Amino acid sequence: MAIQRGSTHKLVMIRETTFGTTPTTPTMFEMPITNFSKKSTQSMLKSEQIMSHPFVDKALNGYFMHEIGIDFELQSAVHDKLLEQVFGVAIASKAAKFTDALLGMSLESQAGAGSLFDNFVGAYLNKMTITASGNDTAPVKVSTSGMAKTGLLDVGATIATAVTAAANNDPFIFSGATLTVAAASTAVVAGTINFDRVVDPLMLWGSATPREYIPGAVTASGTITVPYDDGTQSTLVEAFTSCALVFKFANSGATIYRQFTFPVAKLTSIERTINTRGGLMQVINWEALYDSSSATICTLATE
């Protein structure tokens with residue numbers, strides 16, 4: 001029996017109209033990825049009965065939990081469906097606003113050139129990190145994680161009616177990226193964006209799976225590493241001044257892009273480490289706040 005290989009793996013997904021229910025005739029979409037992690041765990045309830053020995057002798061099954069992680073190199077169009085999962089809303093008229101909603105999707109991990117299928121229904125993404133660095137040899141990287149309501153491992157048939165192959169687009173690169181801080185173009189070496197949505201499972205008697213997932217608090221934060229050219233950034237930190245942050249990730253010609261705008265943000269700390277005779281850098285932490293004018297914490301724009 002031959003071992004399964006990543007070169008024969010395919011990840012496909014479809015958004016669910018009703019959370020936790022795969023559409024009746026699902027045409028699923030292929031997702032280009034750099035990593036897909038899946039962990040299914042059967043929790044164990046241990047009896048605390050005191051017997052005539054010091055050992056646990058009864059273990060009962062608790063809930064069955066499915067954790068997922070999807071990493072990819074950010075590119076146009078094909079990954080919008082995953083960005084929509086994090087934002088909680090579909091992109092419309094080339095824009096989206098981060099919302100207080102949780103979207104579900106059905107995922108299928110196809111291994112063995114289409115002979116083994118892991119199915120995850122009611123899957124969601126509640127964490128996402130975007131990273132770009134001028135010192136990195138890789139394109140703009142995205143890491144996401146979440147959970148799934150139910151999962152079936154190593155089944156013998158696909159749930160997809162059809163699969164739409166991924167477009168062969170080039171990932172975005174750091175040389176096409178730009179950063180604007182307080183309406184001023186800002187030189188930047190590296191930057192990260194972190195989205196984190198708290199999601200609470202509602203567990204009820206009579207079932208080992210949650211009845212529903214309840215979205216809670218959302219935070220958006222990150223870091224930027226900028227050259228120590230002047231005191232522009234330190235002034236914003238010291239004055240605790242609100243400012244807008246605009247991260248634009250694009251191709252080399254900046255004609256195809258995904259732009260993340262945080263209308264209200266605070267620069268919360270600035271760190272300068274002097275350990276070289278060369279150029280000095282500033283590592284700045286930031287956190288976004290709710291903007292009442294746009295009624296969101298972040299907006300997404302596309303070409």
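Now for a description of the structure that goes with this document.

Reading the values: rules and limits
Residues numbered from 1 in each chain as written. Predicted model: local features only at pLDDT ≥ 70, side-chain atom pairs only at ≥ 80, totals over all residues. Heavy atoms only, no water. Helix = DSSP H or I, 4+ residues; strand = E, 2+ residues; numbered from the N terminus. Buried < 20%, exposed > 50% of the residue type's maximum accessible area, 1.4 Å probe, protein only. Contact = heavy atoms within 4.5 Å. Areas by Shrake-Rupley, 256 points an atom, 1.4 Å probe, with all protein chains shown as cover. Lys, Arg positive; Asp, Glu negative; His and termini not counted. Charge placed at Lys NZ, Arg CZ, Asp CG, Glu CD. Phe/Tyr/Trp six-rings, centres within 6.5 Å; stacked < 30°, edge-to-face > 60°. Lys NZ or Arg CZ within 6 Å of the ring centre and 35° of its normal. Core = buried A, V, L, I, M, F, W, Y, C linked by side-chain atoms within 4.5 Å. Salt bridge = Lys/Arg side-chain N within 4 Å of Asp/Glu carboxyl O. Polar contact = N/O pair within 3.5 Å; in protein donor to acceptor, adjacent residues only side chain to side chain.

## Focus: the overall build of the protein chain
Working step 1: Regarding its fold elements, the protein chain presents two helices and 17 strands.
Working step 2: Oriented by its inertia axes, the alpha-carbon framework of the protein chain measures out at about 70 × 55 × 45 Å.
Working step 3: Looking at the protein chain as a whole, 37% of its 303 residues qualify as buried.
Working step 4: Sequence separation of 24 or more characterises 69% of the internal contacts of the protein chain that already satisfy a separation of 6 or more.
Working step 5: Surface exposure of the protein chain reaches about 15,600 Å², of which carbon and sulfur atoms provide 55%.
Working step 6: Averaging the locations of the 20 positively and 25 negatively charged side chains of the protein chain gives two centres separated by 2 Å.

## Points about the packing of aromatic side chains
Working step 1: For the structure on display, the rule yields eleven aromatic pairs.
Working step 2: Here the aromatic rings of F249 and F260 are separated by 6.1 Å at their centres, their planes lie at 65°, and the arrangement is edge-to-face. Here F260 lies in strand β15 (residues 257-271) and F249 lies in strand β14 (residues 242-250), a separation of eleven residues in the sequence.
Working step 3: On the numbers, 4.9 Å between centres and 55° between planes, the contact of F262 with W286 is tilted. Of this pair, F262 sits in strand β15 while W286 sits in strand β16 (residues 281-288), placing them 24 residues apart in sequence.
Working step 4: The buried category is assigned to F262, whose relative accessible area is 0%.
Working step 5: Residue W286 is classed as buried on the basis of its relative accessible area, which comes to 2%.
Working step 6: Chaining the aromatic ring pairs together yields one cluster made of F87, F98, F195, F247, F249, F260, F262 and W286.
Working step 7: Cation over ring: K266 sits above F240, and NZ or CZ is 4.3 Å from the ring centre.
Working step 8: Sitting above the plane of the Y228 ring, R272 keeps its charged end 4.0 Å from the centroid.

## Observations regarding helix α1 (residues 80-87)
Working step 1: With seven of its eight residues buried, α1 lies for the most part within the structure.
Working step 2: Looking at the residues trailing α1, positive phi occurs at G88, about 80°.

## Side note on the environment of G20
Working step 1: Residue placement: G20 occurs in the loop between β1 (10-15) and β2 (27-30).
Working step 2: In this structure the C-alpha to C-alpha distance between G20 and A187, which are 167 residues apart in sequence, comes to 44 Å.
Working step 3: Among residues more than four places away in sequence, those in contact with G20 are V121 and G122.

## Things to note about the nonpolar core
Working step 1: Ranked by size, the top nonpolar core spans 50 residues in total, and within it L107, F195, F249, F260 and F262 carry the most contacts.
Working step 2: Among the elements that line this core, the one with the most residues is strand β7 (residues 116-133), at six residues.
Working step 3: Each residue touching F195, except ones within four places of it in the same chain, is listed here: V86, F87, F98, N126, K127, M128, T219, A220, F260, F262 and C298.
Working step 4: In terms of nonpolar packing, the next biggest core, distinct from the first, is built from five residues, L102, M147, V199 and Y213 among them.

## Quick look at the pattern of salt bridges
Side chains that carry opposite charge are capable of pairing whenever their charged atoms lie near each other.
Working step 1: Considering all chains together, one arrives at six salt bridges under this definition.
Working step 2: As a salt-bridge pair, R258 and D80 come within 2.9 Å of each other at their nearest N and O atoms. Of this pair, R258 sits in strand β15 while D80 sits in helix α1; the two residues are 178 residues apart in sequence, bridging distant segments of the chain. The exposure classification of R258 matches that of D80, with both residues buried.
Working step 3: Residue D196 pairs with K127 through a salt bridge whose shortest N-O separation is 2.9 Å. One end of the pair, D196, is in strand β12 (residues 190-202); the other, K127, is in strand β7, and 69 residues separate them in sequence.
Working step 4: According to the relative accessible area criterion, K127 is partly exposed, its value standing at 34%.
Working step 5: One network of salt bridges, with partners in common, ties together D80, R258 and E303.

## Remarks on the environment of T232
Working step 1: Relative to the assigned elements, T232 resides in helix α2 (residues 232-239).
Working step 2: Placed 74 residues apart in sequence, T232 and T158 show a C-alpha to C-alpha distance of 55 Å.
Working step 3: In terms of polar contacts, T232 uses its side chain to reach the side chain of D230, at 2.8 Å.

## Considerations on unusual backbone geometry
Working step 1: Positive phi is not limited to glycine here, since A77 has a value of about 65°.
Working step 2: Within the fold, A77 resides in the loop between β4 (59-73) and α1.
Working step 3: Judged by relative accessible area, which is 45%, A77 ranks as partly exposed.
Working step 4: At A182, a position not held by glycine, the phi torsion is positive, near 55°.
Working step 5: With respect to the helices and strands, the residue A182 is situated in the loop between β10 (173-181) and β11 (184-185).

Geometric values such as these leave the question of function open.
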